[in-house]
Amino acid sequence: MAGDAVKLLGAWPSPFVMRAQIALNLKSVGYEFLEETLGTKSQLLLQSNPVHKKIPVLIHGDKLVCESLIIVQYIDEVWSSGPGMLPSDLYDRATARFWAAYIDDKWFPSLIGIAKAQDDGAKKAAIEQVSEILAVLEDAFTKCSKGKTFFGGDRVGYLDIAFGCFLGWLRVTEKMNGVELISRSKTPQLAQWAERFCADPAVKDVMPETDKLAEFAKVLFAKFKNPPSQ
Ligand SMILES: N[C@@H](CCC(=O)N[C@@H](CS)C(=O)NCC(=O)O)C(=O)O
């Protein structure tokens, strides 16, 4: 099973796709990347993820796995030799899953809320909300890392992947709005963690370059302001 061909249906700007890429890199699993164009849906995508019609989709032999965090756990379990991505302690595992859900439910929507804000007041409120969430995550880092370098301990793990995949979009948001969201003065632990995460060999080749992502973001965010008429 582990030896079956692996393909990943994705797109380079997608943080969710990056989760699967980092997990595959951590396990040294070779894969073919099938690039989707965001904004359109290929026949392969519609067939592979008929429920949500979203990327990423992991195609492993004849098996299809959807939803990025489920894909990360699938990769961890199928290529099980070496250290696991979730903590070995059961309570720590539950805690990592709790924070991963918080990141998808609260953190990313609030980050995107900055781009969606329609006026300066709404933008200021959205930036404040993101800062409050980052303060919560700074505290979560202290508790989860237990003095080590990553949320998962000595190496990049499940929660590092769940949160770290958004660092490119965070940098773009900082750049486009002239603000610091994660910084040594405001969130010192997250600032150091972010540097280490982006420099990790499993991450650095798949983390999009900020200027390139910013160009993509400009086009996307313009659509938030002026949605195409139906
Ligand atoms: N919960 C999903 C979210 C995936 C997602 O939102 N993917 C975006 C690309 S970043 C997508 O496919 N969007 C197309 C659409 O919403 O139609 C996951 O974790 O995999």
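Cut-offs and rules
- Residues numbered from 1 in each chain as written.
- Predicted model: local features only at pLDDT ≥ 70, side-chain atom pairs only at ≥ 80, totals over all residues.
- Heavy atoms only, no water.
- Domains from an automatic or database assignment.
- Buried area = accessible area lost by both parts, 1.4 Å probe.
- Salt bridge = Lys/Arg side-chain N within 4 Å of Asp/Glu carboxyl O.
- Polar contact = N/O pair within 3.5 Å; in protein donor to acceptor, adjacent residues only side chain to side chain.
- Helix = DSSP H or I, 4+ residues; strand = E, 2+ residues; numbered from the N terminus.
- Nonpolar A, V, L, I, M, F, W, Y, C, P; charged D, E, K, R; others polar.
- Near = heavy atom within 4 Å.
- Areas by Shrake-Rupley, 256 points an atom, 1.4 Å probe, with all protein chains shown as cover.
- UniProt positions renumbered as here; feature names shortened; annotations may be inferred.
- Axes fitted to C-alpha atoms, helices over the stretch in contact; angles between N-to-C directions.
- Parallel < 35°, antiparallel > 145°, perpendicular 65-115°, else oblique.
- Left-handed = near helix turned anticlockwise from the far one by under 90°.
- Contact = heavy atoms within 4.5 Å.
- Pairing = 2+ DSSP bridges.

**Student:** What should I look at first to understand the domain arrangement of the chain in this one?
**Tutor:** The extent of an interface is frequently quoted as the accessible surface area lost upon association of the parts. Per the domain assignment, the segments making up the chain are domain 1 (6–79) and domain 2 (90–220). For domain 1 and domain 2, the distance between their C-alpha centroids amounts to 21 Å. Across the interface of domain 1 and domain 2, roughly 1,700 Å² is buried in total on both sides, 74% from carbon and sulfur atoms. Inspection of the region where domain 1 meets domain 2 yields one salt bridge. Between Asp104 and Arg19 there is a salt bridge, with its nearest N and O atoms 2.7 Å apart. The interface formed by domain 1 and domain 2 contains six residue pairs in polar contact (both at pLDDT 80 or more). Those elements that place two or more of their residues in the side of domain 1 that touches domain 2 are α1 (15–26) and α3 (68–78). Broken down by element, the residue count for the side of domain 1 that touches domain 2 peaks at nine residues, all from α1. A class-by-class count of the residues in the side of domain 1 that touches domain 2 yields 11 nonpolar, three polar and one charged.

**Student:** Please explain the site of the ligand as it appears in this structure.
**Tutor:** What surrounds the ligand is the set Ser14, Phe16, Leu38, Lys41, Lys54, Ile55, Pro56, Glu67 and Ser68. For the ligand, the accessible surface in isolation is 510 Å², of which the surrounding protein chains cover 72%. Along the lines of polarity and charge, the residues of the shell around the ligand split into four nonpolar, two polar and three charged.

**Student:** It is not clear to me how the UniProt feature "domain: GST N-terminal" (unreviewed entry) in the chain should be interpreted in this structure. Could you clarify?
**Tutor:** Using the residue numbers shown here, the UniProt feature "domain: GST N-terminal" (unreviewed entry) corresponds to residues 4–83. Secondary structure content for residues 4–83 is 36% helix and 21% strand, and the end C-alpha separation is 21 Å.

**Student:** What's the story with the packing of helix α4 (residues 90–116) against helix α5 (residues 120–145) in this structure? I'm lost.
**Tutor:** Each pair of packed helices can be summarised by the angle the axes make with each other and by the distance between the axes. For the pair α4 and α5, interaxial distance at closest approach is 9 Å and the crossing angle is 160°. Here α4 lies roughly antiparallel to α5, going by the angle between them. Pair α4 / α5 crosses with left-handed handedness. Along its contact with α4, which presents Thr95, Trp99, Tyr102, Ile103, Lys106, Trp107, Ser110, Leu111, Gly113 and Ile114, the element α5 presents Lys123, Ala126, Ile127, Gln129, Val130, Ile133, Leu134, Val136, Leu137, Ala140 and Cys144. Taken together, the residues of the contact of α4 with α5 break down into 15 nonpolar, four polar and two charged.

**Student:** Even after reading the chapter, I still don't get the sheet that holds strand β4 (residues 63–66), so can you show me in this structure?
**Tutor:** Within a sheet, each strand pairs with its neighbour through backbone hydrogen bonds, oriented either parallel or antiparallel. Overall, mixed pairing links the four strands, which are arranged β2-β1-β3-β4 in an open sheet. Of all the strands in the sheet, just β2 (32–35) and β4 have a single pairing partner and so form its edges. The average undirected angle you get between the axes of adjacent strands in this sheet is 20°. Sheet topology places strand β1 (residues 6–10) next to β2; four bridges connect them, and they run parallel. Looking at the pairing, Leu8 lines up with Phe33 of β2. In the packing of α1 onto the sheet, the strands contacted are β1, β2 and β3 (57–60), and the crossing angle to β1 comes to about 155°. Along the sheet, α3 contacts β3 and β4; its crossing angle with β4, the most-contacted strand, is approximately 130°.

**Student:** Any chance you could explain the pattern of salt bridges here in plain terms?
**Tutor:** Two side chains bearing opposite charge may form a pair once their charged atoms approach each other closely. Taken as a whole and assessed by the stated rule, the structure comprises 10 salt bridges. Across the pair Asp211 and Lys175 runs a salt bridge, and its minimum N-O distance is 2.6 Å. Here Lys175 lies in helix α7 (residues 167–177) and Asp211 lies in helix α9 (residues 210–225), a separation of 36 residues in the sequence. We note a salt bridge from Lys218 to Glu215, for which the minimum N-O separation is 3.0 Å. Highlighted residues: Lys218 and Glu215, both in helix α9, separated by three residues, approximately one helical turn.

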